[in-house]
There are 2 protein chains.
Amino acid sequence: MRTKAAVALEAGKPLEVMEVNLEGPKEGEVLVEIKATGICHTDEFTRSGDDPEGLFPAILGHEGAGVVVEVGPGVKSLEVGDHVIPLYTAECRECEYCLHPKTNLCQKVRATQGKGVMPDGTSRFSMLDGTPILHYMGCSTFSNYTVLPEISLAKIRKDAPFDKVCYIGCGVTTGIGAVIYTAKAEIGCRGVVFGLGGIGLNVLQGLRLAGADQIVGVDLNNDKKEMAERFGMTHFVNPAEVEGDLVAHLVELTGGGADYTFDATGNVGVMRTALECAHKGWGESIIIGVAPAGAEIATRPFQLVTGRSWRGTAFGGARGRTDVPKIVDWYMDGKIEIDPMITHKLKLEDINKGFDLMHAGESIRAVVEY
Amino acid sequence: MRTKAAVALEAGKPLEVMEVNLEGPKEGEVLVEIKATGICHTDEFTRSGDDPEGLFPAILGHEGAGVVVEVGPGVKSLEVGDHVIPLYTAECRECEYCLHPKTNLCQKVRATQGKGVMPDGTSRFSMLDGTPILHYMGCSTFSNYTVLPEISLAKIRKDAPFDKVCYIGCGVTTGIGAVIYTAKAEIGCRGVVFGLGGIGLNVLQGLRLAGADQIVGVDLNNDKKEMAERFGMTHFVNPAEVEGDLVAHLVELTGGGADYTFDATGNVGVMRTALECAHKGWGESIIIGVAPAGAEIATRPFQLVTGRSWRGTAFGGARGRTDVPKIVDWYMDGKIEIDPMITHKLKLEDINKGFDLMHAGESIRAVVEY
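Residues numbered from 1 in each chain as written. Chains lettered and ligands numbered in written order. Predicted model: local features only at pLDDT ≥ 70, side-chain atom pairs only at ≥ 80, totals over all residues. Heavy atoms only, no water.

A.B. asks: Mind showing me how you'd approach the overall build of chain A here?
C.D. replies: Regarding its fold elements, chain A presents eleven helices and 18 strands. Taken over the C-alpha trace, chain A has a radius of gyration of 20 Å; the compact-globule value for 370 residues is 21 Å, and the two agree within 12%. Within chain A, the proportion of its 370 residues that are buried is 61%. (Helix = DSSP H or I, 4+ residues; strand = E, 2+ residues; numbered from the N terminus. Rg over C-alpha atoms; globule rule 2.2 N^0.38 Å. Buried < 20%, exposed > 50% of the residue type's maximum accessible area, 1.4 Å probe, protein only.)

Encoded structure:
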């Protein structure tokens, strides 16, 4: 078939919207009509050329929602008409990782996914002249139709609006999951969140959902305060306005240090601050942000020997097929909010404007509706 | 009263054995006759002057066992004749830390202990001319008699030999506790232990006690192999004999990385290796060793984002009054071994030989018997 897609032809160039060829689903694969997709910093990380593992030409996008239109041979858990969210972190439920209680990093399709192809080693996308186009993060939601492995699709309820729950495909789950699945934050805890962008806001509401007593947001931009408060922030700190040492300020503000701290900036200096303002004895600091290639975190080992833990999270520690449908339920039940974070809606033709809005800091999330 | 003690008069000098004055126990304090004490690297760290927080003159020693000879007013949990192990990590059971499920770092007497004095701000030790001598780590087991807060004493069974269980006052508990209390290692896990000295051997037997399937020991000295195997090591790696990358070698040896890795070297480069050979997705690396002042650990945050955790432990995560008596039971029941690690016995007069043996790498543990 043919479908309309925004194609990243080469690093650093704007996406080009065009008709492309899409082969139908093979064994264990599913054809999905994407109804909406968010534009995430990770897409920009690759588009810009900053991602050392970026491959081109490719169809980016990994934060979508859509409907199953065809299933390949052997597909058992999905049928035509099912509503789904594509998963860049698959859940096969049979690999060593899926069977381990401490991780969500299913490895079943990881190697091929990293190469931009389906598990059989080939791409379903191509230019009209036959030139192959690579998949991206196993999702390629910047195409109106896309093919994914069955294990890379979470089946969700049919009454959930695509233009909102697409955000659960990455940002919402990453932020809320970091609190619920990775930190396992308890009621009454104190948390500090560094970076109040799209991920940070979801960490805030994750802490609210967990019943935190104190939710501190840290950002250099005072304009973030109002929205952050809407998502549960109880205290705002602008490091530029703190006299003296930021760690000492945060330790004092949190009565000795936070139980859980989260980096949603990708800045390795901020990651150190996040660790060091965690509470002595039991504070855990969780890295969410993606650092520039080659950047390193550092601290004195004394920080760990005195009881702090340094951890990380990918996709919020969520097991996609199991947890994403639950997060959709939380949204539909009003336990979490998404609507105020979808600040812009675009047509696919205008997708490059979405990247511009991101760079200008004007959007929390821009969503493309097909 | 007067007692015999080895006194550290100033940094970098040998200890001097002399008679000193010892005041009796005040409110909440206990007078203990030390029967035996180990000589630990931490004593040497302070004696040598490397410890930036070292204070002099002081009576060092923190790894002892003895008998209660007098209790001060208000002491309820101990009576004359009780056998005890001094605790440099107290357990008051009422501070914020003791009441928190994730830490053993009781803070009740920490501030005064760090200053070398009892909780009332004064020392019980003095020179015969009246010059005060400071306590050390709240223990000062290099004195035949010493005074401690009641909450800094673990009551143990009376049939346990002092010259062996004194080692539970630091090294045994630190190593075994890192596995049992901090890592909470599960049966069937794989562990890697860096540094096969007194602490490392106890980490090995901690892993054996936990039922680990693979216990890898890493040390630059091949002479450590035989003793390490006695304590449960299943595979030995000498980094100097590994061709190529040590992390890659250890990841391959452990079938993808270890579930738990432990640094018992204090070397920040080794700490990084320990983290990076932990298994993707769920490997936890635990820092036990004390690094030189100012030294920093570093890694790429990617190591954490892909599921490794970096943690630390002090006193093996053990709550002294609760857990130390259990570890004594494990020893008496034959679940753990101590005897082969007590390689040298000394009189107090010869205590400086104990430090020489440590420097020469000839002792695992030298014990002074009074």
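A.B. asks: Before we go on, may I ask you to explain the sheet that holds strand β2 (residues 16-22) of chain A in this structure?
C.D. replies: Hydrogen bonds between backbone atoms are what pair the strands of a sheet, whose relative direction is either parallel or antiparallel. All names here are of chain A. Taken in spatial order, the four strands line up as β1-β2-β6-β7 in an open sheet, and their pairing is antiparallel. One side of each edge strand has no neighbouring strand; the edge strands of this open sheet are β1 (2-7) and β7 (132-133). In this sheet, β2 lies alongside β1 in antiparallel orientation, the contact comprising six bridges. For Thr-3, the partnering residue across the bridge sits in β2 and is Val-20. (Pairing = 2+ DSSP bridges.)

A.B. asks: Just to check I follow, could you spell out the relation of the copies chain B and chain A for this structure?
C.D. replies: Two chain copies here: they are related by a rotation about an axis and a translation along the same axis. With an RMSD of 0.0 Å, the fit of chain B onto chain A corresponds to turning through 180° and sliding 0.0 Å along the axis. Between the two chains, the operation in question is that of a two-fold axis. For chain B, the residue whose C-alpha comes nearest the rotation axis is B:Ala298, separated from it by 2.1 Å. Comparing contact sets, 100% of the residues at the interface of chain B also lie at the interface in chain A, consistent with an isologous, same-surface contact. (Least-squares fit on C-alpha atoms with pLDDT ≥ 70 in both. Contact = heavy atoms within 4.5 Å.)

A.B. asks: Even after reading the chapter, I still don't get the interface of chain B and chain A, so can you show me in this structure?
C.D. replies: Interface size is commonly expressed as the accessible area that is lost once the parts come together. Taken together, the 39 residues of chain B in the interface contact 39 residues of chain A. For chain B, the biggest contributors to the area lost against chain A are B:Lys102, B:Trp282 and B:Val305; these three give 20% of the whole. Counting the contacts that link chain B with chain A gives six salt bridges. Where B:Glu296 meets A:Arg272, a salt bridge forms, and the shortest distance between an N and an O atom there is 2.8 Å. When contributions to the side of chain B that touches chain A are tallied by element, the ones reaching two or more residues are α8 (268-276), β14 (284-287), β15 (297-299), α9 (302-305) and β16 (309-312) of chain B. Here the side of chain B that touches chain A gets four residues from one element, more than from any other, and that element is β16(B). Split into classes, the residues belonging to the side of chain B that touches chain A amount to 16 nonpolar, eleven polar and twelve charged. (Buried area = accessible area lost by both parts, 1.4 Å probe. Salt bridge = Lys/Arg side-chain N within 4 Å of Asp/Glu carboxyl O. Nonpolar A, V, L, I, M, F, W, Y, C, P; charged D, E, K, R; others polar.)

A.B. asks: Please clarify how the side chain of A:Thr3 should be interpreted in this entry.
C.D. replies: In this structure, A:Thr3 sits in strand β1. Engagement of the side chain of A:Thr3 in a polar contact is seen with the backbone nitrogen of A:Tyr145, the distance being 3.1 Å. (Polar contact = N/O pair within 3.5 Å; in protein donor to acceptor, adjacent residues only side chain to side chain.)

A.B. asks: Just to check I follow, could you spell out the pattern of salt bridges for this structure?
C.D. replies: Between side chains of opposite charge, a pair can form when the charged atoms approach closely. Across all of its chains, the model carries 52 salt bridges over all chains by this definition. In this structure, A:Asp120 engages A:Lys26 in a salt bridge whose closest nitrogen and oxygen atoms are separated by 3.3 Å. Remark: A:Lys26 occurs in the loop between β2 and β3 (29-38) and A:Asp120 occurs in the loop between α2 (110-114) and β6 (125-126); sequence separation between them is 94 residues. We classify A:Lys26 as partly exposed; its relative accessible area is 32%. B:Glu94 is paired through a salt bridge with B:Lys108; the nearest N and O atoms lie 2.4 Å apart. Taken together, the positions of B:Glu94 in the loop between β5 (83-86) and α2 (110-114) and B:Lys108 in the loop between β5 and α2 put the pair 14 residues apart, joining distant regions of the chain. Classification of B:Glu94 as exposed rests on a relative accessible area of 53%. Through salt bridges that share partners, A:Lys26, A:Glu29, A:Asp120 and A:Arg124 make up one connected network.

A.B. asks: Would you mind going over helix α4 (residues 171-183) of chain B with me for this structure?
C.D. replies: Think of an α-helix as turning once every 3.6 residues; residues three or four places apart then point the same way. Residues and elements named next belong to chain B. With 13 residues, α4 should reach 18 Å at 1.5 Å per residue; the first-to-last C-alpha distance of 17 Å fits that figure. Along α4, the sharpest kink reaches roughly 50°, centred on Gly-177. The element α4 is extensively covered by neighbouring structure, given that twelve of its 13 residues are classed as buried. Restricting attention to buried positions, one finds in α4 the residues Gly-171, Val-172, Thr-173, Thr-174, Gly-175, Ile-176, Gly-177, Ala-178, Val-179, Tyr-181, Thr-182 and Ala-183. On the buried face of α4, the contacting elements are α5 (198-210), β13 (260-263), β14, β16, α10 (320-332) and β18 (365-369). Just past α4, the residue Lys-184 takes up positive phi, approximately 50°. (Expected span 1.5 Å × (residues − 1). Bend = angle between axes of the 7 residues up to and from the residue.)

A.B. asks: Sorry, what's going on with the state of the cysteines here?
C.D. replies: Residue and element names in this part refer to chain B. This model, assessed by the stated rule, comprises zero disulfides over all chains. The structure places no disulfide on Cys-40, whose sulfur is separated from the nearest cysteine sulfur, that of Cys-170, by 4.0 Å. The class for Cys-40 is buried, based on a relative accessible area of 5%. (Disulfide = S-S within 2.5 Å.)

A.B. asks: When you look at the nonpolar core in this model, what are you seeing that I'm missing?
C.D. replies: The tendency in soluble globular proteins is for nonpolar side chains to be buried as a group. Within the largest apolar cluster, 94 residues are counted, with the highest numbers of intra-cluster contacts made by A:Ile168, A:Leu207 and A:Phe262. Counting residues per element, this core draws most heavily on helix α4 (residues 171-183) of chain A, which supplies six residues. Core analysis: the second largest hydrophobic core is formed by 92 residues, B:Leu15, B:Ala160, B:Cys170 and B:Leu204 among them. (Core = buried A, V, L, I, M, F, W, Y, C linked by side-chain atoms within 4.5 Å.)

A.B. asks: Is there a simple way to think about the confidence of the model for chain A in this case?
C.D. replies: Detailed reading of the predicted coordinates is not advisable wherever pLDDT falls low. Taken as a whole, chain A shows an average pLDDT of 97; of its residues, 100% reach a score of 70 or greater. Listed scores for the predicted complex are pTM 0.96 and ipTM 0.96. (pLDDT = per-residue confidence, 0-100.)

A.B. asks: Help me understand the pairing of strand β11 (residues 214-218) of chain B, please; the structure alone is not making it clear to me.
C.D. replies: Walk down a regular strand and you will see the side chains alternate between the two sheet faces. All names here are of chain B. Of all five residues in β11, five are buried; the element is thus mostly enclosed. Burial of β11 is two-sided: the residues Gln-214, Val-216 and Val-218 facing one way and the residues Ile-215 and Gly-217 facing the other way are all buried. Note: strand β10 (residues 190-194) against β11, five bridges, orientation parallel. Paired with Gly-191 across the two strands is Ile-215, which belongs to β11.

A.B. asks: What's the story with the packing of aromatic side chains in this structure? I'm lost.
C.D. replies: Two measures describe an aromatic ring pair: the distance that separates the ring centres and the angle between the ring planes. Counting across every chain of the model gives six aromatic pairs over all chains. Between the aromatic rings of A:Tyr97 and B:Trp282, the centroid separation amounts to 5.0 Å while the plane-to-plane angle is 55°, which identifies the pairing as tilted. In this pair, A:Tyr97 sits in the loop between β5 (83-86) and α2 while B:Trp282 sits in the loop between α8 and β14, so the two residues belong to two different chains. With respect to class, A:Tyr97 is no different from B:Trp282; both count as buried. Over the face of the ring belonging to A:Phe355 we find A:Arg47, whose NZ or CZ atom lies 5.7 Å from the ring centre. (Phe/Tyr/Trp six-rings, centres within 6.5 Å; stacked < 30°, edge-to-face > 60°. Lys NZ or Arg CZ within 6 Å of the ring centre and 35° of its normal.)

A.B. asks: Would you explain the sheet that holds strand β7 (residues 132-133) of chain B in this entry?
C.D. replies: Residue and element names in this part refer to chain B. Spatial strand order, β1-β2-β6-β7: four strands in an open sheet with antiparallel pairing. With partners counted over all chains shown, the strands left at the sheet margins are β1 (2-7) and β7, one partner each. One ladder, built from two bridges, connects strand β2 (residues 16-22) with strand β6 (residues 125-126); its direction is antiparallel. Bridge pairing in β6 places Leu-22 opposite Phe-125.

A.B. asks: Is there a simple way to explain α5(B) in this structure?
C.D. replies: All names here are of chain B. In this model α5 runs 19 Å from its N-terminal to its C-terminal C-alpha over 13 residues, within 8% of the 18 Å that 1.5 Å per residue would give. Buried residues in α5 make contact with α4, β10, β11, α6 (225-230) and β13. With its phi angle positive at about 85°, Gly-211 sits one or two positions after the end of α5.

A.B. asks: I would appreciate a short explanation of the pairing of β18(B) in the present structure.
C.D. replies: Residue and element names in this part refer to chain B. Of all the five residues making up β18, four are buried; the element is thus mostly covered by neighbouring parts of the structure. Across three bridges, the pairing between strand β3 (residues 29-38) and β18 is antiparallel. Each residue of the ladder has a partner; that of Ala-36, found in β18, is Glu-369. Chirality of the crossover, the property in question, places the unit of strand β17 (residues 342-346), helix α11 (residues 351-360) and β18 among those that are right-handed. (Right-handed = clockwise from strand over helix to strand, strands pointing away.)

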